[in-house]
Every structure is written in structure tokens, then in C-alpha cells.
Amino acid sequence: MIFSRTAIFLSGIMLLTVASADAQRITREEYIDRYKSIAVSQMERYGIPASITMAQGILESDSGNSRLSLESNNHFGIKCKRNWSGPRVYHDDDEAGECFRAYESVEASYHDHAEFLDTQPRYDSLFAYASTDYRSWARGLKAAGYATAPDYAQRLVRIIESYKLYLLDQPDGERLYAAGRGRLIEVQVDSRRDAVSVSGGYLIDPDNFRVTINAHEGYNVYTTNGVHYIVAKENDSFKNIGRKFRLSVGNLRKFNDAKGKRMEPEADEVVFIERKLTAWRGNARHHICREGETLRSVAQSYGIRVRSLAKINGLKSGDPLAAGMELKIK
């Protein structure tokens, strides 16, 4: 059979295009190296295992090679939902033309993934698991309906164990992961909460920055940065919360940097029930500000006193923050 020069030329172009596309694909190892620091940072802030975040990113975005991740930086397949007011794109998924969130960067996608799990009530039970208990997190995500695939939990666990991502969940995890590549490192993973008994109650290991430790008067008690807090309910007040936790209104206001006498906690707002620290205990050193954030909102998010956060950054407590501004948190 005789081929024309044009046909041969076009065939060559097609082969080069396919080869180029294959060469540009990110491998799983490259994906992990590129984004593991972000996953560890989110674990320190929210308590979501870094291994789970990485495995979900790999699975949901095809290691950053999917059309959704390439076109809109959405690495976790999160759909718009009613409360999403940001950019959006449309793709066929369970149904045709479904709405997905779009982000200005991959980092923003990782941050939204953590906030999505942290703020959606159906995932609340997951935060009772230690950040080293990736198996329970995987099963919990499937049970809560994160994905429809019947073997979703097993897929996550296979990825985590195949690439030793569980090392990232340990203290100094990035160093452990780097040292563990190419050789097996034994890590003890306890499926129970990391807790020690104290006077008939429990205190959580301060390395677990976002975990439910107890319940009191209908409130879940959490800890972040080693400081205990609850989440305010509809029509809550410092007086009401103080009465239930045997704290004065003045102390509660001091703990939460609520200087205005008319300032009361809003529904779903973090309310600390002990004094915050002067700096962040985790490995992360900076926070990138988003639109509308204030020194107080950032301080509440990390369990840091506003005055200390301002001092670290050479600011005054009332100074405004700009989107994209980098704040030191330790």
C-alpha cells in the first residue's frame, strides 16, 4: 500500500502530539513531592491526615492530570453546592453538565477541601479519629458519601500504603517520608484516639490539632494548637456558654479577643474556652490571607492571641489585611 507524503506527515504529527502529551503527565511520585507540604500544613491546622488528603488528590484528580484539575485546579472533585459563590465550571459526572468549583491555584483547592470537610456536618464524626488513623478516615469518608464508588475506602488505603503516605501523618512526617522512600519503615498506627487518662477524663495529645475530645452540655469540645474550643450554636451568647462551662463572660471575651461589649458569637463560630497561645505549634510558619479576613479571624483559626499575631507581624490589632498578604504565625 502506498501512502502520500501528506498522510505520512500528518501521522508523524499525531505521534509527536501523543508522545508529548504522555511526557507531560505527572506521575504519582511527582504529584506527592509537589503537594505533600500543603497536605501536611492542612493536617496541622484541621487534623485531617495528610495521607488521606494526598490519596484523595491522587484519586480524584488522576494525580493532577484530569481535565477538571488542569482547567480549574479542582483536585478533589468538589461540586458547587448551594453556598459556593466562587468561580465554577461544568463537567459530566453522575449527571450531564454538573457544576464544579474552580480555583485560582492548586493550593486554594487543597485549602477548600480541608474547609469543606471541616464545615460539613456529615463529616463531623471523622474528626473523632486521630490524624494517624487513615483507615478509619477512609472508611468514614465513604460512609459519609464523599464518593459513590463502592470500593472508595479500599482505593484510598491502597494508595496510602503503596506510596507509604502514612509517614506524612507522623511528627516530622516530611522528613520521615523522604527517608522512607525506597525502604520500609515500620510505623505503629493505633486506630484508637491518642489520649491519656487524667483524673477520670481524657486529655488529647497536643500533636492532634483538630480532634473531638469530649462532649459537654450538648457541645462537642475540640482542640486546635493545644487549646480547647467549642462551636457556637444559633442564638448562643458568651453568657450562655460561660454558664455551661463555668467561665465568666469577661474571661470568655478575653479568650476570644472579643473586645466590643456587643460582640457575641455567631452560629458556627469558634469559641475558645481557655486562653489561646502566642504562636502556632505546627510546622507551618505563614498564612496567606484571603478576601475579608481580619487579624482576629486568622487568630481564631489558629488558636493564637490577636495581640501576639499582630506583634509577630509588626502590626496593630486593628490593622486591615489584604488578600494575598503573608502573615507569620510563629
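Note on numbering: residues in each chain are counted from 1, in written sequence order. A pLDDT threshold of at least 70 governs which residues receive local features in this predicted model, and a stricter bar of 80 or more applies before side-chain atom pairs are shown or counted, although totals over entire chains, interfaces and linings include all residues. Side-chain numbers come from the whole structure's heavy atoms, not from hydrogens or water.

Enquirer: I keep staring at the overall build of the protein and nothing clicks. Help me out?
Expert: Runs of H or I in DSSP of at least four residues are treated as helices and runs of E of at least two as strands, each being numbered from the N terminus. Of regular secondary structure, the protein possesses 12 helices and 10 strands. When burial is assessed residue by residue, the protein has 45% of its 330 residues classed as buried. In the protein, 56% of the contacts between residues at least 6 apart in sequence involve partners at least 24 apart. Element-wise, carbon and sulfur atoms account for 50% of the exposed surface of the protein, whose accessible area totals about 18,000 Å². Only protein chains enter the area calculation, which uses a 1.4 Å probe; residues under 20% of their type maximum are buried, those over 50% are exposed, and those in between are partly exposed. Contact definition: two residues touch when any of their heavy atoms are within 4.5 Å. Surface exposure here means Shrake-Rupley accessible area, sampled with a 1.4 Å probe, where a residue is shielded only by the protein chains that are shown.

Enquirer: Can you help me understand unusual backbone geometry in this one?
Expert: Generally, phi is negative for residues other than glycine and the peptide bonds are trans, each holding for most cases. Positive phi outside glycine occurs at Asp 62, with the angle close to 55 degrees. Looking at the element boundaries, Asp 62 is found in the loop between helix H3 (50-61) and helix H4 (67-72). By relative accessible area, which is 35% here, Asp 62 ends up partly exposed. Even without being glycine, Lys 164 reaches a positive phi, approximately 55 degrees. Mapped onto the elements of the fold, Lys 164 is located in the loop between helix H7 (152-162) and helix H8 (173-180). According to the relative accessible area criterion, Lys 164 is buried, its value standing at 16%.

Enquirer: Sorry if this is basic, but what is going on with the packing of aromatic side chains here?
Expert: Both the distance between ring centres and the angle between the ring planes are used here to describe each pair of aromatic rings. Pairing of aromatic rings covers Phe, Tyr and Trp, the last counted by its six-membered ring, and requires centre-to-centre distances within 6.5 Å; plane angles under 30 degrees mean stacked, over 60 mean edge-to-face, and any other angle means tilted. Taken as a whole, this structure holds 12 aromatic pairs when the rule is applied. Here Tyr 229 and Phe 272 contribute two aromatic rings whose centre-to-centre distance is 5.5 Å and whose plane-to-plane angle is 55 degrees, an arrangement assigned as tilted. Taken together, the positions of Tyr 229 in strand E7 (residues 227-231) and Phe 272 in strand E8 (residues 270-272) put the pair 43 residues apart, joining distant regions of the chain. Aromatic ring contacts, followed pair by pair, group Tyr 31, Tyr 35, Phe 76 and Tyr 110 into a single cluster.

Enquirer: Can you walk me through the state of the cysteines in this structure?
Expert: Among covalent bonds in proteins, the disulfide is the one between the sulfur atoms of two cysteines. Cysteine sulfurs are considered disulfide-paired once they come within 2.5 Å of each other. Inspection of the entire model under this criterion finds one disulfide. Between the sulfur atoms of Cys 80 and its disulfide partner Cys 99 the distance amounts to 1.9 Å. One disulfide, between Cys 80 and Cys 99, carries an S-S torsion of -65 degrees and so falls in the left-handed class. Separated by 19 residues along the polypeptide, Cys 80 in the loop between H4 and strand E1 (88-91) and Cys 99 in strand E2 (residues 98-101) bring together distant segments of the chain. Note on accessibility: Cys 80 and Cys 99 belong to one class, buried.

Enquirer: So what exactly am I meant to see when it comes to the environment of Gly 77 here?
Expert: Tracing the chain through its elements places Gly 77 in the loop between H4 and E1. Under the relative-accessibility criterion, Gly 77 is labelled partly exposed at 24%. Along the chain, Gly 77 and Ala 147 lie 70 residues apart, while their C-alpha atoms are 9.3 Å from each other. Excluding its chain neighbours within four sequence positions, the residues that come into contact with Gly 77 are Glu 60, Leu 68 and Phe 100.

Enquirer: How do you make sense of the packing of helix H2 (residues 28-46) against helix H5 (residues 106-119) when you look at a structure like this?
Expert: Axis definition: a line fitted to C-alpha atoms, over the contacting stretch in the case of helices. Angles run 0 to 180 degrees between N-to-C directions. Interhelical geometry of H2 versus H5 gives an angle of 35 degrees and a closest axis separation of 10 Å. Note on packing geometry: the crossing formed by H2 with H5 is right-handed. Every residue of H5 that contacts H2 at Tyr 31, Tyr 35, Ile 38, Ala 39, Gln 42, Arg 45 and Tyr 46 is listed here: Val 106, Glu 107, Tyr 110, His 111, Ala 114, Glu 115 and Asp 118. Note on residue classes: Ala, Val, Leu, Ile, Met, Phe, Trp, Tyr, Cys and Pro are nonpolar, Asp, Glu, Lys and Arg are charged, and everything else, Gly too, is polar. Of the residues belonging to the contact of H2 with H5, the class tally is eight nonpolar, two polar and four charged. Handedness of a crossing is defined here by the sense of rotation of the near helix relative to the far one, left-handed for an anticlockwise turn of less than a right angle and right-handed for a clockwise turn.

Enquirer: Please explain the environment of Arg 281 as it appears in this structure.
Expert: Residue placement: Arg 281 occurs in the loop between E8 and strand E9 (286-288). Residue Arg 281 is classed as partly exposed on the basis of its relative accessible area of 47%. As a C-alpha pair, Arg 281 and Tyr 302 span 21 residues in sequence and 9.2 Å in three-dimensional space.

Enquirer: I would appreciate a short explanation of the environment of Lys 316 in the present structure.
Expert: Looking at where Lys 316 falls in the secondary structure, it is placed in the loop between helix H12 (306-312) and strand E10 (326-328). Distance from Lys 316 to Leu 295, taken between C-alpha atoms, is 9.2 Å for residues 21 residues apart in sequence. When neighbours within four sequence positions are excluded, Lys 316 is seen to be in contact with Leu 295 and Ala 310.

Enquirer: Would you explain the pairing of strand E6 (residues 219-224) in this entry?
Expert: Remember that side chains alternate between the two faces of the sheet whenever the strand is regular. With five of six residues buried, E6 lies mostly within the body of the structure. Any two strands are treated as partners once DSSP identifies two or more bridges connecting them. Strand direction decides the pairing type here: E6 and E7, joined by three bridges, are antiparallel. The partner of Thr 223 across the bridge, within E7, is His 228. In this structure, the hairpin formed by E6 and E7 is closed by a connection of two residues, where Asn 225 is found at a positive phi of approximately 60 degrees.

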